[in-house]
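# What the coordinates show
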Amino acid sequence: MVAQPSTDEIWAVLARVPDPEIPAISLTDLGIIRDIAWEGETLAVTVTPTYSGCPATSLINFEIETALREAGIERIDLRRQLAPPWTTDWLSQEGRAKLEAYGIAPPTAARGPEKCPRCGSTHVERISQFGSTPCKAQWRCKECREPFDYFKCI
Amino acid sequence: MDQALFEFCLRMGDNTLVLGHRVSEWCGHAPVLEEDIALANTALDLIGQTQLWLGLAGEVEGAGRDADALAFRRDAWDFRSVLLVEQPNGDFGQTILRQYLFDQYQALMLAELVASSDARVSAIAQKAAKEVAYHLDRSRDTVVGLGDGTDESHTRMQAALDRLYPFVGELFGEDDLDREVAARGIAPLPASLRAAYDAALAATMDEATLALPDSRWSQSGGRDGTRHSEHLGHLLTEMQWLQRAYPDARW
Ligand SMILES: [Zn+2]
């Protein structure tokens, strides 16, 4: 029998699984993995949805299972936890930096991007409260004139 | 089976299901791309919330029906959605006004449900409240923008308000089911939300330069399933046809 990987090692495995909609960040950067625990031979992984209707939810579960099986874990129990609800406060600092480098302005408490992720200008305007995925809104930079995604703050 | 909790979950889930389907009818038809995306995302949130509410209804019922079975295998008289949400989309103004009238109610209801004596109801409410707050921001702003806009947009918004206001009162209906879930601390009596709703509505309509109709007379019969309008049947025909024609079909 192979020794069980530690939960730290499993966190590291999931830190390498990209979010299917925004592959620049990982599932742990996104803050949706709430808990990892061994219960005997079974690994219990608790996941919280970003938006209740997020179409990526089932794909995310599939990606988690695939990564864990590749890491040699056979018995997996994926659990959904609704409360406390996911908040963009759970995005990691690293995840926020990766988003900005990728061209998506990270969420701010001020309910709008701090600056254009391309040129850094603070002269930005909202195009739409919604965007190409449930977690994003569309903004535009008035300096470089480029539209960009903003990660909605919830 | 806990009949009261089951029916309460149907009332919540059928409202979001029927409105979510209505809003999704705009997909590919909105006046500009940004609005198309916004409407589709709003519909997506509502359908996601439906999965939670109807999923809980199925769990409470314990008869093996999941959210899909409840959404696609019930007929109109088993639906517990209010008449407001089944009303046709009309023009964009009517759609966004219907959204505002619902969002304003839903935000107040969910804020109370966070303190529900049932932990599962509370968890869904905590999740949905954040999404609905976002919807309300947008529907309210858009109602104000169009009401206090051009002559054309103002006229259309006033017509939409005159048409939809007679469906508002049903949101605050009260029957034995409401009294039971309120007594058990599961949910507030809808009527207890009316004062806050009226105050918010008056402030919004004032800013939008729209006049609320004088009469508070209201249509009813949706939330208890006794008298849905003909519109629900047409909506279900379209929404349910695949599961009716090919039961248990899967992608
Ligand atoms: Zn720029």
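Keep in mind it's a predicted model, so treat the numbers as computed, not measured. (Residues numbered from 1 in each chain as written. Chains lettered and ligands numbered in written order. Predicted model: local features only at pLDDT ≥ 70, side-chain atom pairs only at ≥ 80, totals over all residues. Heavy atoms only, no water.)

Turning to the UniProt feature "domain: PaaD zinc beta ribbon" (unreviewed entry) in chain A, a few remarks are in order. The positions that UniProt labels "domain: PaaD zinc beta ribbon" (unreviewed entry) are, in the present scheme, residues 115-152 of chain A. As a span, residues 115-152 of chain A carries 0% helix and 42% strand, and end to end its C-alpha atoms are 14 Å apart. (UniProt positions renumbered as here; feature names shortened; annotations may be inferred. Helix = DSSP H or I, 4+ residues; strand = E, 2+ residues; numbered from the N terminus.)

So, about the sheet that holds strand β1 (residues 33-39) of chain A. Through backbone hydrogen bonds, the strands of a sheet pair up, either in parallel or in antiparallel fashion. Residue and element names in this part refer to chain A. Strand order across the open sheet formed by three strands is β1-β2-β3, with mixed pairing between neighbours. Edge positions in the sheet fall to β1 and β3 (76-80), since each of these pairs with one other strand and no more. This sheet shows a mean twist of 20 degrees between the axes of neighbouring strands, independent of strand direction. In terms of strand pairing, strand β2 (residues 42-47) meets β3 through five bridges, oriented parallel. Along β3, the bridge assignment pairs V47 with R80. (Pairing = 2+ DSSP bridges. Axes fitted to C-alpha atoms, helices over the stretch in contact; angles between N-to-C directions.)

Quick look at the coordination of the zinc ion now. Residue and element names in this part refer to chain A. Distances from the zinc ion to its protein donors, namely C116 (SG), C119 (SG), C141 (SG) and C144 (SG), fall within the range 2.3 to 2.4 Å. For the zinc ion, the four donor atoms in the first shell make angles of 104 to 116 degrees at the metal, a pattern classed as tetrahedral. Going along the chain, you hit the donors of the zinc ion in the pattern C-x2-C-x21-C-x2-C. Exposure remark for C116: the relative accessible area of 1% places this residue in the buried category. The class of C119 is partly exposed, set by a relative accessible area of 41%. (Donors = N, O, S within 2.8 Å, 3.2 Å for Na, K, Ca; no water. Tetrahedral: all angles 85-135°; square planar, octahedral: opposite > 155°, others 65-115°. Buried < 20%, exposed > 50% of the residue type's maximum accessible area, 1.4 Å probe, protein only.)

All names here are of chain A. Spatially, four strands are ordered β4-β7-β6-β5 in an open sheet, and the strand pairing comes out mixed. Edge positions in the sheet fall to β4 (104-105) and β5 (124-128), since each of these pairs with one other strand and no more. Two elements, strand β6 (residues 136-141) and strand β7 (residues 147-151), share five bridges in a ladder whose sense is antiparallel. When the sheet's bridge partners are listed, K136 is paired in β7 with F151.

With that settled, consider helix α10 (residues 230-245) of chain B. For α10(B), built from 16 residues, the straight-helix expectation of 22 Å at 1.5 Å per residue is met to within 8% by its first-to-last C-alpha distance of 22 Å. Those residues of α10(B) hidden inside the fold are in contact with α1 (3-24), α3 (67-72) and α4 (83-86) of chain B. (Expected span 1.5 Å × (residues − 1). Contact = heavy atoms within 4.5 Å.)

On to the interface of chain B and chain A. Each partner contributes to the interface: chain B provides 22 residues, whereas chain A provides 26 residues. Counting each side, the surface lost to burial between chain B and chain A is near 2000 Å², with a carbon and sulfur contribution of 61%. Ranking the residues of chain B by area buried against chain A places K127(B), K130(B) and Y134(B) at the top, with a combined share of 34%. For the pair chain B and chain A, the interface holds one salt bridge. For D137(B), the salt bridge goes to R111(A), with nearest N and O atoms at 2.7 Å. The interface formed by chain B and chain A includes seven residue pairs in polar contact (both at pLDDT 80 or more). Contributing elements (two or more residues each) for the side of chain B that touches chain A: α2 (33-61) and α6 (119-147) of chain B. Broken down by class, the residue content of the side of chain B that touches chain A amounts to seven nonpolar, seven polar and eight charged. (Buried area = accessible area lost by both parts, 1.4 Å probe. Salt bridge = Lys/Arg side-chain N within 4 Å of Asp/Glu carboxyl O. Polar contact = N/O pair within 3.5 Å; in protein donor to acceptor, adjacent residues only side chain to side chain. Nonpolar A, V, L, I, M, F, W, Y, C, P; charged D, E, K, R; others polar.)

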